[in-house]
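Residue strings, one per chain:
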Amino acid sequence: MTSTVTRRRFVKRTATGVGVAAVGTGLGAGIFAPPAATAAGESTGSTAFGPVTVASTDSRYADLRRGTNQRFEGNPESIRLVGSTSQVVAAVQSAVSAGKKIAVRSGGHCYEDFVANAAVKVVIDLSAMNAVGFDSGRNAFVIEAGAKLGQVYERLFKGWGVTVPGGACPTVGAGGHIQGGGYGALSRRYGLISDHLYAVEVVVVDRTGTAKAVVATREASDPNRDLWWAHTGGGGGNFGVVTRYWMRAPGATGSDPSKLLPKAPSEVWISTVNWPWAGLTKDGFGRLMKNYAQWHIDNSAPGSAQLSLFSELKPSHRAAGAISLTVQVEASAPGAEQMLDDFVAYVGAGTGVTAQVADHRKVPWLHATQWSGFTGPDPLFRFKGKPAYQRKNFTAAQLDAMYKHLTRTDYEYPAALMLISAYAGKVNEVGPADTAVAQRDSILKVQTAVLWTDAADDAKHLAWVREFFRDLYSETGGVPGLNGVTDGMFINYADADVKDPAWNASGTPWQQLYYKGNYAALQQAKAKWDPRNTFSHALSVELPS
């Protein structure tokens, strides 16, 4: 759901009056001193972006009515592109006063139709709000919600040599990613991106229908702290419109910006290794899967020496020809290249097939953030993904389901696959109630997924991915149960099927699968900050009954 409009530059002073140094968004722009600000907090320099209203007769409408997932095409009355918090407040107020349902888009990578939905009449597009800078008043880095992760990494790195442990797809927007508890290649070493959230600015609608901007911090004395907490994993579209995040690492002290977020690596080793399906027996396949999981069981404690290694195992359908493993290791880690080689050897041991190395090199870290080994697809695909947390090694029933659906001869499609991502490490050092992310003892993130282009093929691809997921978790009613092996689902990989008893026969409500014991607290935050249920979608937090 990404449409990017470059913003002129970040204002020197925010609406709360704190000083900011920013990195520009234009071609060739670097770190600069922003122009003077008015008392209202808006720049008096070049003309501010927006607001821009795009209606169905506008040539831009066809692009802006949809996000990355081409399965969903909205039909809103208007799309409001905004360039400041005050414009967001005005856009929300206008829609609320007119009784129009609102949805919000930052990067546009939602798995479901939360934005491109027939009920939505006004889409608020934050893509022009993409500034990244350091806020000396809050002693934290500020990231506007429309900034793409690739922009965030580049600006933090070039300006201060720091980063945040976010996702690997550079076109994902910060707006939904951070509040959903996003993770990525540095999360095993540093935790989730939401674990670094110090404060958040949210445009909320009170009981009288009045829109206003509220800042909430993690400070224990902050009366708005529950709103901050709700945005550390509660997911997007629940409480209001996030306009800005302030990021500072937990426990960071002092006022030197270069020490307030994790230091970005200088270089990393990257590698892509393939195991051909040809010659891979069912037993060999099972060994590959169990090896991968076991390595993470053995090397995922918060103090492990292997936390600099991140990987994704991608068992594609046999029609793709091979099972792929992509790996990144920070080059400064002791014995980094050997760590990578040992890991690959461990995963492939006893499989009966020889690994084929397709890529193996040391590259600058910032370049690696654009590496195709981890990045998502182009925005011209239709897709469906279904998520799970894995706590222990795969069971025999899970391995049977994997092999069955990845070798089906009645469905042969190379872009049908599993995505199994490294997890744990510092992620699991945080208590399950300390943030809204309750799953804090898993070792892997798992997805079944499929990507395609032709709408005429929707039914067959959706059937495959749904049947695969149901069989993968057949022991717990077709969904990843809250048990010793699995631990529910990840809200950033939203899957509305979990509300359908045809695909969730577990008896466990979808709210528990996504939020576990944190759901009641999220409902209380909902009641306080969105009492009219202005912000809602198929998997949104519900008001308490």
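Quick caveat, the model's predicted, so the values are computed rather than measured.

### A few points about the UniProt feature "domain: FAD-binding PCMH-type" (unreviewed entry) in the protein chain
In the UniProt entry, the feature "domain: FAD-binding PCMH-type" (unreviewed entry) is given for residues 72-252. As annotated, residues 72-252 comprises 23% helix and 24% strand, and the C-alpha atoms at either end are separated by 42 Å.

### Some thoughts on unusual backbone geometry
Phi is mostly negative for residues that are not glycine, and the peptide bonds are mostly trans. Here G50 and P51 are connected by a cis peptide whose omega angle stands at -5 degrees. Of note, P51 is situated in the loop between β2 (31-32) and β3 (52-55). With a phi angle near 50 degrees, K516 is a residue other than glycine that sits in the positive phi range. Here K516 is to be found in the loop between α12 (510-515) and α13 (519-529). A residue is classified by how much of its surface remains accessible, and K516, at 18% relative accessible area, is buried.

### Here's the deal with the state of the cysteines
Going through the model one piece at a time under the given rule, you end up with 0 disulfides. C169 provides the cysteine sulfur closest to C110, a residue in no disulfide bond, and the two sulfurs are 14 Å apart. You can call C169 buried: its relative accessible area is 14%.

### Quick word on helix α11 (residues 458-472)
Taking 1.5 Å of rise per residue, 15 residues should cover 21 Å, and α11 covers 21 Å from first to last C-alpha, within 8% of that figure. By the burial criterion, the buried members of α11 are D458, H461, L462, W464, V465, F468, F469, D471 and L472. Tucked inside the fold, the buried residues of α11 contact β16 (382-390), α10 (396-406), β17 (416-422) and β18 (444-452).

### Thoughts on the side chain of R218
Turning to its location among the elements, R218 is positioned in the loop between β10 (211-217) and α6 (225-230). Buried and without a salt bridge, R218 has E219 as its closest oppositely charged side chain, separated by 5.9 Å. At 3.4 Å, the side chain of R218 and the backbone oxygen of A249 are in polar contact.

### What about empty space enclosed by the protein?
Empty space among the atoms can be located by rolling a probe the size of a water molecule over them. In total, this model carries 3 cavities of 30 Å³ or more according to the counting rule given. Of the volumes computed, that of the largest cavity is approximately 150 Å³. Taken together, 16 residues make up the lining of the largest cavity; nearest its centre are Y153, G167, A168, A185 and T369. In terms of residue class, the lining of the largest cavity is made up of 10 nonpolar, 6 polar and no charged. Lining the second largest cavity are G180, G233, Y389, A436, V437, A438, Q439, M489, F490, I491, Y514 and Y515. Grouping the constituent residues of the lining of the second largest cavity by class yields 9 nonpolar, 3 polar and no charged.

### Side note on the packing of aromatic side chains
Under the defined criterion, the tally for this structure stands at 27 aromatic pairs. Consider the rings of F141 and W160, whose centres lie 5.1 Å apart with planes at 75 degrees: the pair is edge-to-face. Here W160 lies in helix α3 (residues 149-160) and F141 lies in strand β8 (residues 140-144), a separation of 19 residues in the sequence. A residue is classified by how much of its surface remains accessible, and W160, at 15% relative accessible area, is buried. In this structure an aromatic cluster arises from ring pairing among Y111, Y183, F383, Y389, Y423, F490 and Y493. The ring of W246 has R138 lying over it, and the distance from NZ or CZ to the ring centre is 4.7 Å.

### As for the side chain of S300
Mapping S300 onto the fold places it in the loop between α7 (282-298) and β13 (309-315). Here R188 takes part through its side chain, which lies 2.9 Å from a polar atom of the side chain of S300. A polar contact of 2.5 Å, which involves the side chain of S300, links it to the backbone oxygen of H296. Once you skip the residues sitting within four places of it in the chain, S300 turns out to touch R188, L307, Y423, A424 and G425.

### Thoughts on the pattern of salt bridges
The tally for this structure, following the rule as stated, stands at 29 salt bridges. The closest approach of N and O atoms between D497 and K384, which form a salt bridge, is 3.5 Å. Of this pair, D497 sits in the loop between α11 and α12 while K384 sits in strand β16; the two residues are 113 residues apart in sequence, bridging distant segments of the chain. Since its relative accessible area comes to 8%, D497 is described here as buried. One salt bridge in this structure joins K526 and D530, with 2.7 Å as the shortest N-O distance. Residues participating in the shared-partner salt-bridge network are E112, K384, K386, R466, D495 and D497.

### Details of the pairing of β10
Most of β10 is tucked away, with 5 of its 7 residues classed as buried. As paired strands, strand β9 (residues 197-205) and β10 are joined by 7 bridges and run antiparallel to one another. When the bridges of β10 are listed, V203 appears paired with A213. Hairpin remark: β9 followed by β10, antiparallel, with 5 residues in the connecting loop; positive phi at G209, about 90 degrees.

### Side note on the sheet that holds strand β14 (residues 322-330)
Taken in spatial order, the 7 strands line up as β15-β12-β14-β13-β17-β18-β16 in an open sheet, and their pairing is antiparallel. Each edge of the sheet is formed by a strand with only one pairing partner; in this case those strands are β15 (356-364) and β16. Sheet twist, expressed as the average angle between the axes of neighbouring strands with direction ignored, equals 15 degrees. With 9 bridges joining them, strand β12 (residues 267-276) and β14 adopt antiparallel strand pairing. Within β14, the position partnered with T272 by the bridge is T326. Each of β12, β13, β14, β17 and β18 is contacted by α7, which is oriented at about 160 degrees to β13, the strand it contacts most. Contacts between α11 and the sheet are confined to β16, β17 and β18, with β18 contributing the most and set at about 160 degrees to the helix.

Conventions we followed
Residues numbered from 1 in each chain as written. Predicted model: local features only at pLDDT ≥ 70, side-chain atom pairs only at ≥ 80, totals over all residues. Heavy atoms only, no water. UniProt positions renumbered as here; feature names shortened; annotations may be inferred. Helix = DSSP H or I, 4+ residues; strand = E, 2+ residues; numbered from the N terminus. Buried < 20%, exposed > 50% of the residue type's maximum accessible area, 1.4 Å probe, protein only. Disulfide = S-S within 2.5 Å. Expected span 1.5 Å × (residues − 1). Contact = heavy atoms within 4.5 Å. Lys, Arg positive; Asp, Glu negative; His and termini not counted. Salt bridge = Lys/Arg side-chain N within 4 Å of Asp/Glu carboxyl O. Polar contact = N/O pair within 3.5 Å; in protein donor to acceptor, adjacent residues only side chain to side chain. 1 Å grid on protein atoms, 1.4 Å probe; cavity = no way out; pocket = protein on both sides within 12 Å on 5 of 7 lines; lining within 4 Å. Points joined across faces, edges and corners; volume = space filled by probe spheres on them. Nonpolar A, V, L, I, M, F, W, Y, C, P; charged D, E, K, R; others polar. Phe/Tyr/Trp six-rings, centres within 6.5 Å; stacked < 30°, edge-to-face > 60°. Lys NZ or Arg CZ within 6 Å of the ring centre and 35° of its normal. Pairing = 2+ DSSP bridges. Axes fitted to C-alpha atoms, helices over the stretch in contact; angles between N-to-C directions.

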